[in-house]
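Commentary on secondary and tertiary structure
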Amino acid sequence: GKSDGKGQYRFFDPSLYHQIKSRTLLKQHLIEAIERDQLQLYYQPRVDTHSGQLCSMEALVRWIHPEQGVIPPLDFIPMAESNGLIVRIGELVIAQACAQLAQWRAQALPLVPISVNVSPKQFSHGGIHRHLEAQLARHQLPASLIEVEITESAMLGEHESILAQLEALRALGVKLHVDDFGTGYSSLSQLQKLKMDVLKVDKAFTSQLGLSTEGRVFFQAIVSMAHALGMTVVAEGVETAGQLNILRDLGCNEVQGYYIARPMPAQDMAGLLQQLPSG
Ligand code: C2E
Ligand code: CA
Ligand code: CA
Ligand code: CA
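Note that the structure is a prediction, hence the values are computed from the model and not measured.

1. Details of the coordination of the calcium ion (ligand 2)
Within the protein, the atoms that donate to the calcium ion (ligand 2) are E58 (OE), N117 (OD1), E149 (OE) and D179 (OD), at distances of 2.2 to 2.3 Å. Taken in sequence order, the residues that donate to the calcium ion (ligand 2) follow the motif E-x58-N-x31-E-x29-D. Here the calcium ion (ligand 2) and the calcium ion (ligand 3) are spaced 3.9 Å apart, linked through D179, which binds each one. Pair noted here: N117 is in strand β6 (residues 114-117) and E149 is in strand β7 (residues 146-151), with a separation of 32 residues, a long-range link. On the basis of relative accessibility, which here comes to 1%, the residue E149 falls in the buried class.

Printed below as a string of structure tokens:
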């Protein structure tokens, strides 16, 4: 605390107190939300740029709050990352994605992979590959039906524990995606050494397409280098027909974004699966 000038110290900062109190409250609410099954996955399609066919879907978590409605992940994931709850949430996400695939299979729907977001904290905690392996086995699903997205910045340290776990995931047969590519400082050769399968170019770059030549040149460079290194390129945040056309011209493999479809609850996704050519 600070001296108040009379030889006493002020330990009590009311704004800090309220901050800590509300953070503790939020953590408590989030634990209850987990226990009450209020964290639910929405799914956003990822489609082939040329055929428009569904390739995969990204699982995006939402907090379905009884009074406040649908709370977006950015309102609770960062907090969960700082207080450790993200490990539990990460396990819940993997378990829910696997259970969903098994349910769709039981309904005789054609399946495509689900990609899940994994936070760096889940890696430092360890054991994600074991949890995933157990969930796949529980539902008798092939590992090819789950993909893992890791942000570029999470891989920056190249910590031994992260490398070992990427290796373990790959050994299971899981495809690895670099999320938010372009926002960190990794080089494509680094990512290739890590044997990443897919580059998801951050939506900040997609939004530049059509607005500036630089945006297009940047994307073009990424696509040609990634292809030379054997990686697939996905553009995220595609919002207009114009962006989609440019991406098609540039040979970007797959696209995801509001122009194609917004993230949707599982029952709406089932409708899209039904339209897939079966077998
Ligand atoms: P992200 O992994 O980069 O996910 C893409 C975000 O962009 C999603 O936001 C998605 O709804 C949004 N988006 C998709 N298409 C468009 C578009 O055309 N335009 C724009 N402006 N946005 C688009 P969302 O669902 O709010 O998720 C935000 C972030 O929260 C995610 O970013 C991811 O980092 C994190 N997150 C979501 N679910 C999970 C999870 O299960 N685990 C972890 N660790 N993080 C998650
Ligand atoms: Ca993602
Ligand atoms: Ca992303
Ligand atoms: Ca992001």
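Moving on from the coordinates now.
2. A word on the coordination of the calcium ion (ligand 3)
Reference values for coordination geometry: four tetrahedral donors around a metal ideally subtend 109.5 degrees, six octahedral donors ideally subtend 90 or 180 degrees. Within the first shell, the calcium ion (ligand 3) binds the protein through D179 (OD), D180 (OD), E236 (OE) and E236 (OE), at distances of 2.3 to 2.4 Å. Here the donor residues of the calcium ion (ligand 3) share one chain and are spaced in sequence as D-D-x55-E. Since its relative accessible area comes to 24%, D180 is described here as partly exposed. Residue classification places E236 among the buried residues on the basis of a relative accessible area of 7%.

3. Quick word on the nonpolar core
Of all hydrophobic cores here, the largest spans 81 residues; its most connected members are W104, I114 and V116. When neighbours within four sequence positions are excluded, I114 is seen to be in contact with Y43, S56, M57, A59, A97, L101, W104, L145, I146 and E147.

4. Considering the layout of surface pockets
The volume enclosed by the largest pocket comes to roughly 1000 Å³. For the largest pocket, the lining is made up of 35 residues, of which E58, L60, P73, L74 and N117 are closest to its centre. For the lining of the largest pocket, the secondary structure elements donating two or more residues are β3 (39-48), β4 (54-65), α2 (77-83), α3 (86-106), α4 (120-125), β7 and β8 (175-181). Element by element, the count of residues in the lining of the largest pocket is highest for β4, at five residues. Of the residues that constitute the lining of the largest pocket, the class distribution is 16 nonpolar, nine polar and 10 charged. Taken as a whole, the second largest pocket spans an internal volume of roughly 160 Å³. Lining the second largest pocket are P45, V47, G52, Q53, L54, I260, A261, L272, Q275, L276 and P277. Here the residues of the lining of the second largest pocket are counted per class, giving eight nonpolar, three polar and no charged.

5. Topic: the pattern of salt bridges
Within the structure shown, the criterion is met by seven salt bridges. Here R36 makes a salt bridge to E32, at a shortest N to O gap of 3.8 Å. The class for E32 is partly exposed, based on a relative accessible area of 26%. K200 serves as the salt-bridge partner of E149, at 2.9 Å between the closest nitrogen and oxygen. Residue E149 is located in strand β7, and its partner K200 is located in strand β9 (residues 198-201); the two are separated by 51 residues in the primary sequence. With respect to burial, E149 and K200 carry one shared label: buried. Salt bridges sharing partners connect three or more residues here, namely R46, E147 and E254.

What counts and what doesn't
Residues numbered from 1 in each chain as written. Chains lettered and ligands numbered in written order. Predicted model: local features only at pLDDT ≥ 70, side-chain atom pairs only at ≥ 80, totals over all residues. Heavy atoms only, no water. Donors = N, O, S within 2.8 Å, 3.2 Å for Na, K, Ca; no water. Helix = DSSP H or I, 4+ residues; strand = E, 2+ residues; numbered from the N terminus. Buried < 20%, exposed > 50% of the residue type's maximum accessible area, 1.4 Å probe, protein only. Core = buried A, V, L, I, M, F, W, Y, C linked by side-chain atoms within 4.5 Å. Contact = heavy atoms within 4.5 Å. 1 Å grid on protein atoms, 1.4 Å probe; cavity = no way out; pocket = protein on both sides within 12 Å on 5 of 7 lines; lining within 4 Å. Points joined across faces, edges and corners; volume = space filled by probe spheres on them. Nonpolar A, V, L, I, M, F, W, Y, C, P; charged D, E, K, R; others polar. Salt bridge = Lys/Arg side-chain N within 4 Å of Asp/Glu carboxyl O.

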